[in-house]
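Geometric and topological summary
For reference, the chains in residue letters:
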Amino acid sequence: MAETPTPDELLALRNQIDAVDRELLALLNRRAGLAQAVGELKKKEGSVVFRPEREAQVIDGLKAVNPGPLKSESVAPIWREIMSACRALETPTRVAYLGPAGTFSELAALGFFGSSIQRVPCASIDEVFRTTTAGAADFGVVPVENSTEGVVARSLDLFLTTPLFIIGETSLFVRHNLLRKENSLEGIEAVCAHPQALAQCHLWLSNHLPNVERRPVASNAEGARLASEDPRLAGIASERAASEYGLHVVAPAIQDDPHNRTRFAIVTHPDRHPQPKASGHDCTSLVVSVLNRPGAVHDMLVPLKQYGVSMTRFESRPARSGQWEYYFYIDVQGHPDQPHVAQALKELRDVCAFFKLLGTYPIDVH
């Protein structure tokens, strides 16, 4: 049986931790000073503060040399916060996302950029695109794909009609909770949530609240806000939203898929931010269309096979022309700076009636 540590032993260990914390603080301030010096040089040469490929390389490098016992998956969130705080010393980063406070989009923004940002909550995905296009935000965070419900169609459609392009991605484990003022399922007349969340919790709602109205709203946090004002309503949202609006978690983890994840794209305007350089593990997203003729889709995919470029996503969306034409959204592994990727994209462009590069960016690192 292990001996119980004495108060003196605990005190000695805590004193050592306090000493290490002071060393860490001194080193972090030293890093912050170097970041400020880098910021001054960037101002003189007119380059941007945020470089997603550089941050991905920093995190990858640290994970590669991490001796433990700190887990490698803990490295990314710790260093994102450190880099976020240092970046904020150079210039504030304004990030637009689907609000209000407590949405999964906000969590994705904080996970990608760190908490030292200026938050710009928006009422809809359309507003995120408009705000970022107009320059009221430096970056936007928009959901593009869910592991249960598939693509977020509105985000894909807006990529066609706006100049924004993707410079990063992040994915988030989505845990849906039923939230309410009363800690009970009794007396609920309507469940308010984003349509995607309602769909992702379809089976649970059908089994536990079969006769209750499912009311779509602009965001899950908006559903939580409404539930905080009316005891007859419940919301589906995160634990953060429950805390934000003073609600009980009546039923935790009600999503149908226990591994439910949502992928978010980080978007910006090409006039304000360059395309990220190759990081070594990149994704290139594009949208194309082909003439409606036999074999057209096959011909479109031939250059990718010929040059050994792996396709990781292929989605179709109606072109809304009334003639059953489609746009195809494609993700491929690699960066246009790589010769085989560049040649494949060139030949793909030649066989397409429409071709738009949506962005090239580091694959999400954890």
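As the structure is a computational prediction, the values presented were derived from the model and not from experiment. (Residues numbered from 1 in each chain as written. Predicted model: local features only at pLDDT ≥ 70, side-chain atom pairs only at ≥ 80, totals over all residues. Heavy atoms only, no water.)

**Observations concerning the overall build of the chain**
Inclusion rule: A helix here means a DSSP run of H or I that spans at least four residues, while a strand means a run of E at least two residues long, and both kinds are numbered starting from the N terminus. The cut-offs for exposure are 20% and 50% of the maximum accessible area for each residue type, with area from a 1.4 Å probe on protein chains only; residues under the lower value are buried, those over the upper are exposed, and the others partly exposed. By definition, residues are in contact when any of their heavy atoms lie within 4.5 Å. The Shrake-Rupley method, run with a 1.4 Å probe sphere, supplies the accessible areas, and residue values consider only the shown protein chains as cover.
Across its full length, the chain holds 12 helices and 15 strands. For the chain, the spread of C-alpha atoms along the principal axes amounts to about 80 × 60 × 45 Å. Burial statistics for the chain: of 366 residues in total, 46% are counted as buried. Pairs at least 24 apart in sequence give 76% of the contacts found in the chain among residues at least 6 apart. Element-wise, carbon and sulfur atoms account for 55% of the exposed surface of the chain, whose accessible area totals about 18300 Å².

**Describing the packing of aromatic side chains**
We apply this condition: Centre distance within 6.5 Å is the pairing criterion for rings of Phe, Tyr and Trp, where only the six-membered ring of Trp is used; planes under 30 degrees apart are then read as stacked, over 60 as edge-to-face, and the remainder as tilted. Charge-over-ring placement is defined geometrically: NZ (Lys) or CZ (Arg) within 6 Å of the ring centre, and within 35 degrees of the ring normal.
Under the counting rule described, the total for this entry stands at 8 aromatic pairs. Ring geometry for F129 and F159: centres 5.4 Å apart, planes at 85 degrees, overall edge-to-face. Of this pair, F129 sits in helix α5 (residues 125–134) while F159 sits in helix α6 (residues 153–161), and the two are 30 residues apart along the sequence. Summarising the burial analysis for this pair, F129 and F159 share the class buried. Through successive ring pairs, a cluster of aromatic residues spans F50, F112, F113 and F139. In this structure, R80 packs its charged tip against the face of F112, placed 5.2 Å from the ring centre.

**Remarks on the packing of helix α3 (residues 75–90) against helix α4 (residues 104–113)**
Helix-helix packing is described using two parameters, namely the angle between the two axes and the distance between the axes. Definition in use: Fitted lines through C-alpha atoms give the axes, limited to the stretch in contact for helices. The angle between two N-to-C directions lies from 0 to 180 degrees. For classification purposes, angles smaller than 35 degrees are called roughly parallel, those larger than 145 roughly antiparallel, those between 65 and 115 roughly perpendicular, and all remaining angles oblique. Amino acid classes used here: Ala, Val, Leu, Ile, Met, Phe, Trp, Tyr, Cys and Pro are nonpolar; Asp, Glu, Lys and Arg are charged; the rest, including Gly, are polar.
At a minimum axis distance of 7 Å, the contact between α3 and α4 shows a crossing angle of 80 degrees. One way to sum up the angle between α3 and α4 is to call them roughly perpendicular. On the side of α3, the interface is formed by R80, E81, S84 and R87, while α4 contributes L110, G111, F112 and F113. Its residues placed into classes, the contact of α3 with α4 shows 3 nonpolar, 2 polar and 3 charged.

**Quick look at empty space enclosed by the protein**
Note the cut-off: Both cavities and pockets are sets of points on a 1 Å grid over the protein atoms alone; in a cavity a 1.4 Å probe fits but cannot get out, in a pocket the set is open with protein on both sides within 12 Å along at least five of seven lines, and lining residues sit with an atom within 4 Å of a point. Grid points are joined across faces, edges and corners, and a volume is the space filled by probe spheres set on the points.
Counted by the stated rule, this structure contains 3 cavities of 30 Å³ or more. Roughly 240 Å³ of internal volume is contained in the largest cavity. Of the residues assigned to the lining of the largest cavity, the class counts are 7 nonpolar, 10 polar and 1 charged.

**What about unusual backbone geometry?**
Look at the link from G68 to P69: it is a cis peptide, with omega at 10 degrees. When you line up the elements, P69 lands in the loop between α2 (52–65) and α3. The omega torsion of the bond from G99 to P100 falls at 5 degrees, within 30 degrees of zero and hence cis. Its location among the elements puts P100 in the loop between β1 (94–98) and α4. Although it is not a glycine, A253 sits at a positive phi angle of roughly 50 degrees. With respect to the secondary-structure elements, A253 resides in the loop between β10 (248–251) and β11 (261–268).

**Details of the pattern of salt bridges**
Stated precisely, the cut-off is as follows: For this document, the term salt bridge refers to a Lys or Arg side-chain nitrogen within 4 Å of an Asp or Glu carboxyl oxygen.
Evaluation of the coordinates by the stated rule reveals 19 salt bridges. Among the salt bridges present, the one from K43 reaches E40, with a minimum N-O distance of 3.8 Å. One end of the pair, K43, and the other, E40, are both in helix α1 (residues 7–45), 3 residues apart, so they sit about a helical turn from each other. On the accessibility criterion, E40 (45% relative accessible area) is partly exposed. Residues R175 and E239 are paired through a salt bridge, measuring 3.8 Å at the closest nitrogen-oxygen approach. Of this pair, R175 sits in the loop between β5 (165–173) and β6 (177–180) while E239 is found in helix α10 (residues 239–245), placing the two residues 64 residues apart along the sequence. Under the relative-accessibility criterion, E239 is labelled partly exposed at 47%.

**Topic: the layout of surface pockets**
Summary: where empty space remains is shown by rolling a probe the size of a single water molecule over the atoms. What the largest pocket holds in volume is close to 410 Å³. Together, 16 residues line the largest pocket, and R31, V38, K42, R54 and E90 are the ones closest to its centre. For the lining of the largest pocket, the secondary structure elements donating two or more residues are α1, α2 and α3. Per-element tally for the lining of the largest pocket: the top contributor is α1, with 5 residues.

**Digging into the pairing of strand β14 (residues 326–333)**
Quick reminder of the rule: At least two bridges found by DSSP between two strands is the condition for calling them paired.
Of all 8 residues in β14, 6 are buried, a share of seventy percent or more. Strand direction decides the pairing type here: strand β12 (residues 282–289) and β14, joined by 6 bridges, are antiparallel. Bridge pairing in β14 links V287 to Y329. In this sheet, β14 lies alongside strand β13 (residues 311–318) in antiparallel orientation, the contact comprising 7 bridges. When the bridges of β14 are listed, P318 appears paired with Y326.

**A look at the environment of D138**
Filter applied, for reference: Polar contact criterion, stated in full: a pair of N or O atoms within 3.5 Å, where within protein one must be able to donate a hydrogen and the other to accept it, and residues adjacent in sequence count only if both atoms are side-chain atoms.
Position of D138 among the secondary structure elements: in the loop between α5 and β3 (139–146). A residue is classified by how much of its surface remains accessible, and D138, at 18% relative accessible area, is buried. Apart from the residues within four sequence positions on either side, D138 is in contact with P92, T93, R94, T132, V267 and T268. At a separation of 2.8 Å, a polar atom in the side chain of D138 contacts the main-chain amide nitrogen of R94.

**Description of the pairing of strand β2 (residues 118–122)**
Applied cut-off: The crossover handedness rule: strands pointing away from the viewer, path from first strand over the helix to second strand clockwise, crossover right-handed.
With 5 bridges joining them, β1 and β2 adopt parallel strand pairing. Following the sheet pairing, V95 is matched in β2 by R119. As for the winding sense of the linkage, the β-α-β connection from β1 through α4 to β2 is right-handed.

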